[in-house]
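Observations on the model geometry
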There are 2 protein chains.
Amino acid sequence: MLTEQDIRSLQAVLGEGKVFVDHETLEKYSSDMGGFCRKPSAVVKAFSVEDVSKVLRYCNQRRIPVTAWGAGSSLTGAVVTDNLILDLSNMDRILKIDTVNYYVHAEAGVVLDRLNKELERYGFFFPPDPASSFICTVGGAVAEGAGGLRCVKYGTVKDWVLAVKVVLASGEAVVFGEPLAKNRAGYNLAQLFVGSEGTLGVIVEVWLKIAPLPDARLRRIYAVFDDWRDAGNTIIEIRQKRIVPRMLEFFDRVGVEAANKFHGTNLHVGEAMLLIDIEEFTGKELEKLVSVLKHNNARVIRVAENEEEAEMLLQTRASMYLAIRATAKTVLVEDVCVPIDRILDYLEKVKQLSQKHGLTISMNGHAGDGNIHPVIFYDPENPDEVARAEKTVEVLVQFAIEVGGTVTGEHGVGLQKMDGLVKQLAAHNGIQTLYLMQKLKKVFDPNNILNPGKYIDVPWKSSESTSEHPTQDSGSSDPTAR
Amino acid sequence: MLTEQDIRSLQAVLGEGKVFVDHETLEKYSSDMGGFCRKPSAVVKAFSVEDVSKVLRYCNQRRIPVTAWGAGSSLTGAVVTDNLILDLSNMDRILKIDTVNYYVHAEAGVVLDRLNKELERYGFFFPPDPASSFICTVGGAVAEGAGGLRCVKYGTVKDWVLAVKVVLASGEAVVFGEPLAKNRAGYNLAQLFVGSEGTLGVIVEVWLKIAPLPDARLRRIYAVFDDWRDAGNTIIEIRQKRIVPRMLEFFDRVGVEAANKFHGTNLHVGEAMLLIDIEEFTGKELEKLVSVLKHNNARVIRVAENEEEAEMLLQTRASMYLAIRATAKTVLVEDVCVPIDRILDYLEKVKQLSQKHGLTISMNGHAGDGNIHPVIFYDPENPDEVARAEKTVEVLVQFAIEVGGTVTGEHGVGLQKMDGLVKQLAAHNGIQTLYLMQKLKKVFDPNNILNPGKYIDVPWKSSESTSEHPTQDSGSSDPTAR
């Protein structure tokens with residue numbers, strides 16, 4: 001799609017040092033952290049809102065697809081393309097930290113950990129903490145609607161976005177939302193951009209809520225169970241007892257053994273482990289939690305005694321994916337999420353699938369949200385194993401939908417979950433909701449230049465409609481003609 | 001628009017006892033709590049989703065405007081119409097209280113206080129608490145995106161909506177969102193309906209997040225200041241000191257004197273008062289707050305000693321609007337909201353306007369959010385006074401926009417703030433955002449039957465466009481032709 005003339009035109013429009021077509025650069029942008037690969041035709045590095053406007057204006061006229069890029073930490077293929085990559089990582093200024101109105105205003109390319117380091121100086125923090133926070137950008141985290149470990153208490157990124165500055169497909173820059181504690185002026189379009197995965201506009205600046213760093217003493221508990229059902233029941237009982245932990249993570253034998261090897265540690269290992277952060281105000285919170293753990297047969301209940309121990313336990317969890325990757329040829333990370341009261345059925349289903357298909361599946365993740373990630377080991381050079389891994393994912397996705405869960409809790413749709421999304425919307429929401437999303441997309445991006453071919457960009461199937469009375473549309477009647 | 005044939009047809013479609021055109025019924029639905037008046041042509045009472053579908057299907061075919069009604073507690077004219085009222089208050093079942101997944105599933109007509117009473121039995125609550133909670137419905141609270149006293153800590157309704165079941169203009173029922181702690185499947189359309197004011201679809205069911213009732217001891221403090229600047233500075237210092245109160249309300253002499261008269265109480269009166277709820281965990285929270293109050297010259301610092309006293313103080317605030325109404329012929333309630341660090345300028349501006357225009361203006365409201373409501377006293381039979389009151393509002397709206405605030409913090413747009421909305425979007429967001437909202441509306445409601453003539457339903461003015469490069473739209477080019 002991108003001609004040599006286009007490259008020259010973009011260079012002329014943007015000036016020196018912003019348009020790249022050399023092999024080395026294109027290679028760098030050829031895969032995401034989930035292993036999805038596509039080699040772009042060109043990479044443009046934007047240094048200002050004006051740069052982004054110029055690129056989109058040109059590409060919109062020429063119908064050239066554009067995919068925004070922050071750090072490439074997507075796990076679903078959302079940021080790979082064989083067309084044009086628009087890299088925003090150089091737009092990395094923190095524009096304002098407002099300690100009265102409790103927000104931070106930043107350019108899209110600011111790395112999340114850097115943001116939090118800066119906020120800490122003022123006694124504040126931005127709670128959502130995806131595992132990629134050391135590298136991921138705030139623009140990417142918003143476009144992706146990211147989650148993380150602390151989300152069990154604080155919610156995900158969507159709960160912390162006040163406003164976004166967006167360059168529309170036309171090249172015009174607008175702001176959705178207001179950096180205010182309260183605002184009811186107009187539809188909540190800022191939230192439409194949270195999790196829009198680069199399909200509605202390019203997010204160039206964000207206004208994020210921030211919170212005072214909590215005063216309470218944090219206790220970190222590592223609990224070991226010999227039966228995974230006990231760990232599952234603990235999660236449910238914690239919820240029923242209305243204990244609100246700041247972190248509630250699950251992992252299994254495979255995960256801890258990999259972590260012990262990776263870090264040279266010697267953590268207790270059982271069939272299932274929980275890592276729990278609890279805030280201590282009255283001194284009774286820890287007691288209450290420990291009683292739930294004992295009641296559910298925890299064999300080891302280790303309360304971190306100092307900062308170092310607490311940090312070591314956190315690192316065990318935070319780097320578990322890397323530790324597992326170091327022991328396995330290839331893994332596939334799943335992101336289904338189930339209602340929390342169905343977590344035992346979910347764990348059991350994964351056990352069954354693991355046995356049936358002869359695959360190692362390690363379970364680790366955000367138990368307090370029902371979002372435990374299965375990590376499926378497979379050999380990509382063994383076609384039979386690849387097929388069994390894919391079948392496992394298919395069954396898991398179907399299972400999540402059947403129990404009222406979602407095909408993606410925090411990683412998003414991208415290329416990976418396009419089929420699952422359609423199935424979920426058809427089963428839970430009415431397939432009409434998909435068509436409405438496609439029509440909204442068309443309002444924002446009439447020429448379909450923004451990250452096309454992903455997410456909701458699937459053909460209409462009129463037979464999928466569950467309704468005898470489809471929504472009447474006074475506009476164009478053939479939505480596939482995009 | 002509504003013919004006698006339409007009434008007969010609707011009666012035939014819906015069956016007995018659901019369609020009303022008698023004088024008494026129409027009168028009941030002829031005004032909202034803000035005093036906006038329009039007499040409907042007919043009232044339909046829906047008892048099921050199917051009823052709502054039938055009404056919308058018929059009205060969409062016949063292009064009859066439909067305005068959804070919960071309790072009529074809008075303050076902005078959002079629920080009055082001279083066409084058809086669709087009353088959802090009989091759809092009032094609480095369908096599920098989920099104490100593991102922390103949500104409540106309810107029909108739109110459930111009254112908010114009833115919901116909270118039911119939740120309390122399980123040890124949970126729904127935090128947003130608009131002053132109308134004794135009468136307002138959850139459907140209305142979501143459609144309006146309501147606020148309240150506790151929102152300074154917990155956020156507004158938008159922060160607590162997981163999913164909505166909506167009947168589209170076509171009559172089809174769909175669900176946006178999922179009742180899950182985490183979900184990234186598709187655009188966040190549930191949030192598009194929060195604050196949609198009945199213009200995108202009719203909300204018939206909601207899934208709302210709930211929270212465990214807090215354990216902490218609540219301390220309620222009533223502070224009296226002889227200079228309103230001291231009260232304003234207290235608000236700012238509370239934020240800077242990272243104290244997070246559960247309530248932070250401001251009121252003035254006029255308000256407390258009205259309340260004392262109304263309740264027969266004898267509360268201390270000064271130039272400005274703050275009512276503050278603070279959660280006590282360590283015992284130091286109260287101390288910290290009192291030190292801020294003293295530092296800002298509070299003359300009286302009264303800490304409620306028991307439940308009765310705390311409740312009396314809360315009632316003073318909660319019923320202040322009624323108390324004021326009892327002393328005045330007519331009042332006009334404003335809802336502008338400013339950045340919290342501009343609260344002194346805001347209070348000063350109101351003082352100036354009060355003097356300049358010779359009007360009594362009482363200030364009371366959600367200081368911790370920058371959302372203090374001016375209550376403007378005027379005589380509706382005095383045209384000159386009406387003009388001065390209107391001028392005051394106009395200047396206030398302009399002021400709020402200039403200091404980076406919003407024309408509506410929590411009451412919404414309805415009929416009242418249509419001009420202000422356009423001004424705010426043009427000044428802060430780019431007028432293109434208004435046109436995008438109008439296009440989105442058209443996707444959901446191509447025939448413009450859902451609560452037309454309000455909110456974003458204003459004509460395009462191409463001269464308002466701030467851009468040299470307006471968004472290109474491949475669709476119909478004349479958006480005013482609705």
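Here the structure is a predicted model, which means the values were calculated and not measured. (Residues numbered from 1 in each chain as written. Chains lettered and ligands numbered in written order. Predicted model: local features only at pLDDT ≥ 70, side-chain atom pairs only at ≥ 80, totals over all residues. Heavy atoms only, no water.)

**Considerations on helix H8 (residues 228–240) of chain A**
Residue and element names in this part refer to chain A. Let me state the cut-off plainly: Secondary structure elements follow DSSP: runs of H or I no shorter than four residues count as helices, runs of E no shorter than two count as strands, and numbering proceeds from the N terminus. Working rule for helices: expected span equals 1.5 Å times residues minus one. When a residue's accessible area, from a 1.4 Å probe over protein chains only, is under 20% of the maximum for its type it is buried; when over 50% it is exposed; and in between it is partly exposed. Contacts are residue-level and defined by heavy atoms, with any inter-residue pair within 4.5 Å sufficient. Any pair of nitrogen or oxygen atoms within 3.5 Å is treated as a polar contact; in protein, a donor-acceptor pairing is required on top of that, and neighbouring residues in sequence qualify only through side-chain atoms on both sides.
With 13 residues, H8 extends 19 Å between its outermost C-alpha atoms, agreeing within 8% with the 18 Å of an ideal straight helix rising 1.5 Å per residue. With respect to burial, H8 is a largely interior element, ten of its 13 residues being buried. Turning to H8, its buried residues are Trp228, Asp230, Ala231, Gly232, Thr234, Ile235, Ile236, Glu237, Ile238 and Arg239. As for H8, its buried residues are in contact with strand E12 (217–225), strand E13 (247–252), strand E14 (272–280), helix H10 (284–295) and helix H13 (343–357). Near the N-terminus of H8, the side chain that reaches the backbone nitrogen of Arg229, with its oxygen 2.8 Å away, is that of Asp227. Directly beyond the C-terminal end of H8, a positive phi value near 60° is found at Arg242.

**Observations regarding the domain arrangement of chain A**
Residue and element names in this part refer to chain A. Put simply, the rule is: Per the annotation, domain bounds derive from an automatic or database assignment of domains. In the sections that follow, a salt bridge refers to a side-chain nitrogen of Lys or Arg positioned within 4 Å of a carboxyl oxygen of Asp or Glu. When residue character is reported, Ala, Val, Leu, Ile, Met, Phe, Trp, Tyr, Cys and Pro are called nonpolar, Asp, Glu, Lys and Arg charged, and the others, Gly included, polar.
Under the domain assignment, chain A is made up of domain 1 (1–213) and domain 2 (215–317). Once you take the C-alpha centre of each, domain 1 and domain 2 turn out to be 34 Å apart. Each partner contributes to the interface: domain 1 provides six residues, whereas domain 2 provides ten residues. At the boundary of domain 1 and domain 2, one finds one salt bridge. The partner of Lys153 in a salt bridge is Glu279, with the nearest N and O atoms 3.3 Å apart. Taken together, the links from domain 1 to domain 2 amount to one residue pair in polar contact (both at pLDDT 80 or more). Its residues placed into classes, the side of domain 1 that touches domain 2 shows four nonpolar, no polar and two charged.

**Points about the packing of aromatic side chains**
Heads up, the condition is: Stacked, edge-to-face and tilted labels apply to pairs of Phe, Tyr and Trp rings (six-membered ring for Trp) whose centres lie within 6.5 Å, assigned for plane angles under 30 degrees, over 60, and everything in between, in that order. Look at NZ for Lys and CZ for Arg. If either is within 6 Å of the ring centre and within 35 degrees of the ring normal, a charge sits over the ring.
What the rule picks out here adds up to 21 aromatic pairs over all chains. Seen in terms of ring centroids, Tyr346(A) and Phe399(A) are 6.5 Å apart; in terms of plane orientation they differ by 15°. Their pairing is stacked. Of the two residues, Tyr346(A) is situated in helix H13 and Phe399(A) in helix H14 (residues 383–402); the sequence distance between them amounts to 53 residues. By the burial criterion, Tyr346(A) is buried, and Phe399(A) matches it. Taken together, the ring pairs connect Phe125(A), Tyr154(A) and Trp160(A) into an aromatic cluster. Between the NZ or CZ atom of Arg242(A) and the centre of the ring of Phe124(B), over which it lies, the distance is 6.0 Å. For the cation-ring pair, Arg239(B) lies above Tyr102(A), with the distance from its terminal atom to the ring centre recorded as 3.8 Å.

**Details of the pattern of salt bridges**
Residues and elements named next belong to chain A. Across all of its chains, the model carries 62 salt bridges over all chains by this definition. For Glu394, the salt bridge goes to Lys391, with nearest N and O atoms at 3.8 Å. Taken as a pair, Glu394 and Lys391 lie in helix H14 at a separation of three residues, close to a single helical turn. Here Glu394 falls in the partly exposed class, since its relative accessible area comes to 42%.

**Structural notes on the sheet that holds strand E1 (residues 19–20) of chain B**
Residues and elements named next belong to chain B. The condition that has to hold: Any two strands with at least two DSSP-identified bridges between them are counted as paired. Interaxial angle, 0 to 180 degrees, is taken between N-to-C directions of lines fitted to C-alpha atoms, where a helix line uses only the stretch in contact.
Strand order in the open sheet formed by four strands is E1-E2-E4-E3, and the pairing between neighbours is mixed. The outermost strands of the open sheet, each flanked by one partner alone, are E1 and strand E3 (66–69). On top of the sheet, helix H3 (residues 49–62) reaches strand E2 (42–45), E3 and strand E4 (84–87); it is set at about 165° to E4, its chief contact.

**Observations regarding the sheet that holds E14(A)**
Residues and elements named next belong to chain A. Across the sheet, which stays open at both edges, the seven strands sit in the order E15-E12-E14-E13-E17-E18-E16 with antiparallel pairing between neighbours. Looking at strand neighbours, the two that pair on one side only are strand E15 (300–303) and strand E16 (330–333), the edges of this open sheet. Looking at each pair of strands side by side, their axes are set apart by 20° on average, direction ignored. Alignment of E12 against E15, held across four bridges, turns out to be antiparallel. If you follow Ala223 over to E15, its bridge partner there is Ile301. Contacting E12, E13, E14, E15 and strand E17 (361–366), helix H11 (residues 307–318) runs over the sheet at an angle of about 55° to E12. Relative to the sheet, H14 contacts E16, E17 and strand E18 (371–378), its axis offset from that of E18 by approximately 165°.

**A look at the environment of Gly77(A)**
All names here are of chain A. Along the polypeptide, Gly77 turns up in the loop between strand E3 (66–69) and strand E4 (84–87). Its relative accessible area of 0% is what places Gly77 among the buried residues. Distance from Gly77 to Gln416, taken between C-alpha atoms, is 6.6 Å for residues 339 residues apart in sequence. If we skip the residues at most four places from it in the chain, Gly77 touches Asp32, Phe36, Leu415 and Lys454.

**Overview of the environment of Asn371(B)**
If you trace the backbone, Asn371(B) turns up in strand E18 (residues 371–378). Judged by its relative accessible area of 0%, Asn371(B) falls in the buried class. As a C-alpha pair, Asn371(B) and Ala131(B) span 240 residues in sequence and 14 Å in three-dimensional space. A polar contact of 3.0 Å, which involves the side chain of Asn371(B), links it to the side chain of Lys182(A).

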